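One letter stands for each residue in the lines below.
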Amino acid sequence: MNLTSDNSITWRYAKQQVFFNIVRLAALLISAALGGLLLFIIASGIQAISWDFITLPPRDSMTKGGIMPAIVGTFYLTLGAIAIALPLGVASAIYLSEYARQGTIVRIIRIGVNCLAGVPSVVFGLFGLGFFVVYLKFGSSILSGALTLGILILPTIIGASEEALKAVPQTFREASLALGVSKWGTILRIVLPNALPGILTGSILGIGRAAGETAPIMFTAAAFFTAKLPESIFDEVMALPYHVYVLATAGTHIEETRSIQYGTVLVLVALVLGIDLIAIAIRSAMRKRKKW
Amino acid sequence: MVTTANNIIFELKQVNFFYGSTQALTDISMDFEKNRVTALIGPSGCGKSTLLRLLNRMNDLIDGTRVEGEILFEGRNIYNADNDPVEIRRRIGMVFQKPNPFPKSIFNNITYGPRLTGTRNRADLELLVEQSLKQAVLWDEVKDILNKSAMTLSGGQQQRLCIARALAMKPDVLLMDEPTSALDPISTAKIEDLIEELKKNYTIIIVTHNMQQAARVSEMTGFFYLGRLIEYALTTDIFTNPQVKQTEDYITGRFG
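In this report, the structure presented in the accompanying data block is examined. Note that the structure is a prediction, hence the values are computed from the model and not measured.

1. Here's the deal with the interface of chain A and chain B
Point 1. Listed by partner, the interface residues are 20 residues for chain A and 25 residues for chain B.
Point 2. Both faces considered, chain A and chain B share a buried interface measuring about 1,800 Å² in area, 67% of it formed by carbon and sulfur atoms.
Point 3. Of all residues in chain A, Glu 174, Ala 178 and Leu 179 of chain A bury the most surface against chain B, accounting for 32% of the area lost on that side.
Point 4. Counting across the interface, chain A meets chain B through one salt bridge.
Point 5. A salt bridge links Glu 174 of chain A to Arg 53 of chain B; its shortest N-O distance comes to 2.9 Å.
Point 6. Across the chain A-chain B interface, the total number found is four residue pairs in polar contact (both at pLDDT 80 or more).
Point 7. Counting only elements with at least two residues in the side of chain A that touches chain B, the list comes to α7 (170–178) and α8 (183–212) of chain A.
Point 8. Ranked by the residues each element gives to the side of chain A that touches chain B, the list is headed by α7 of chain A, at seven residues.
Point 9. Taken together, the residues of the side of chain A that touches chain B break down into eight nonpolar, eight polar and four charged.

2. Things to note about empty space enclosed by the protein
Using a probe with the size of a water molecule, rolled over the atoms, empty space left in the structure can be pinpointed.
Point 1. Counting across every chain of the model gives two cavities of 30 Å³ or more.
Point 2. A volume near 40 Å³ is recorded for the largest cavity.
Point 3. Around the largest cavity sit Ala 175, Ala 178 and Leu 179 of chain A together with Met 94, Phe 96, Cys 162, Arg 165 and Ala 166 of chain B, which together line it.
Point 4. Put simply, the parts of the chain that give the lining of the largest cavity at least two residues each are α7 of chain A together with α6 (155–167) of chain B.

Cut-offs used in this document
Residues numbered from 1 in each chain as written. Chains lettered and ligands numbered in written order. Predicted model: local features only at pLDDT ≥ 70, side-chain atom pairs only at ≥ 80, totals over all residues. Heavy atoms only, no water. Contact = heavy atoms within 4.5 Å. Buried area = accessible area lost by both parts, 1.4 Å probe. Salt bridge = Lys/Arg side-chain N within 4 Å of Asp/Glu carboxyl O. Polar contact = N/O pair within 3.5 Å; in protein donor to acceptor, adjacent residues only side chain to side chain. Helix = DSSP H or I, 4+ residues; strand = E, 2+ residues; numbered from the N terminus. Nonpolar A, V, L, I, M, F, W, Y, C, P; charged D, E, K, R; others polar. 1 Å grid on protein atoms, 1.4 Å probe; cavity = no way out; pocket = protein on both sides within 12 Å on 5 of 7 lines; lining within 4 Å. Points joined across faces, edges and corners; volume = space filled by probe spheres on them.

Dropping the structure here:
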């Protein structure tokens, strides 16, 4: 082996190291950003957290007391949004990937879904106000808010479900159809069960987004303040993100309520992470059973 | 061999088949006899698998395909609009190139089809599982692990499970699309023995790349080339005394 080839190997190895370190740095940066954000929220919000904080309504013009109505409100809104978007999204995905003949119409529908994903959330809020609140006379309510949030997360769920359906091996479909099982039976018994973990991934993303959005519920569901808990889906509710927005910008006690603001954010993050963890646990339990 | 009309199960009359504008099969006319093993051979892309998938309307699943001519199954055209492909596929089972068990237990793989078509009784299902697995010569190997995932079986066992799964529907015909091409020689031998056993009760049509296999298991052989049926005769005649030059070239290994 001569010197030149030795040099070139050293050089190539050095280049490789440089690139490895660049991508390593990128990954570290992302983790650091996320970690820093979480640490900051925890550090700033932890002193506000107490049993009273999560079980009592606000008092003294929201400068004291807890945030319980907002927790309940966000929980209902998120649950409602998922309950609306999941069946509709999965059904659309089944149509697009299993039934529809691939062609111009399907392409237009897909472009539509992608455009929907890119619409700013405040536009959804205005649409919800105009259509659900005013035109359908649902008023500012859980129903209007959940419907608006449901539409907002629909593209996420359709996209993830379609990917999950496509990932089910074609051989499973053929095996089932060749046994004389109908197409619908095949989708119900073979395709959907095997696509469920992927569909859940889409739902997790949707839940996170629905729980955290402020603009879509501002005009459709969220109350500035209400101490009572909702009794029907036509009631207005407080919601965590909107509560933070109100305290941080619209109140007369912005500085005094800093710790409540951070406490609320911490609760919101914990709530979303909690829901995510449940979905992830279900998904990994399902994946353990499916191997191919 | 005397062929009478009543032991013919499939009758193909001038069948043409198109994927979009590409013609995959041209003017195929042939009969398949009941309780016989018929082999379809030919080089890759010659249309033999396409023909097999026409017989249980699996090609319906592909957008933009078109069939011309008649395919009569027991005298009725399976491509008539009033014939439900789901019904046809119940009577004509299929085994694929790659073993494709469902990610379910061995038991549920077998009962999947029957359950969806009406057999619900547990005792009936258990009996059906045992019968089907015995027919597929897999019972002794799996009778104690019926609740284990089918994915834990070896490739050869999986393929016999797929055969058992098809038999559980009590079909009249078994279509086999290169059923041993993904298997080792020992598993292949087991499947070939199984075919020998099954032909007593079933009509078997098998597509194979392996000419020794065609010679070993089949009684009739059709040779396809470029979407046409070049020669169709008794297997012994095809392999010892082919009438067409292309057939001879293929079976002697000069092309393909």
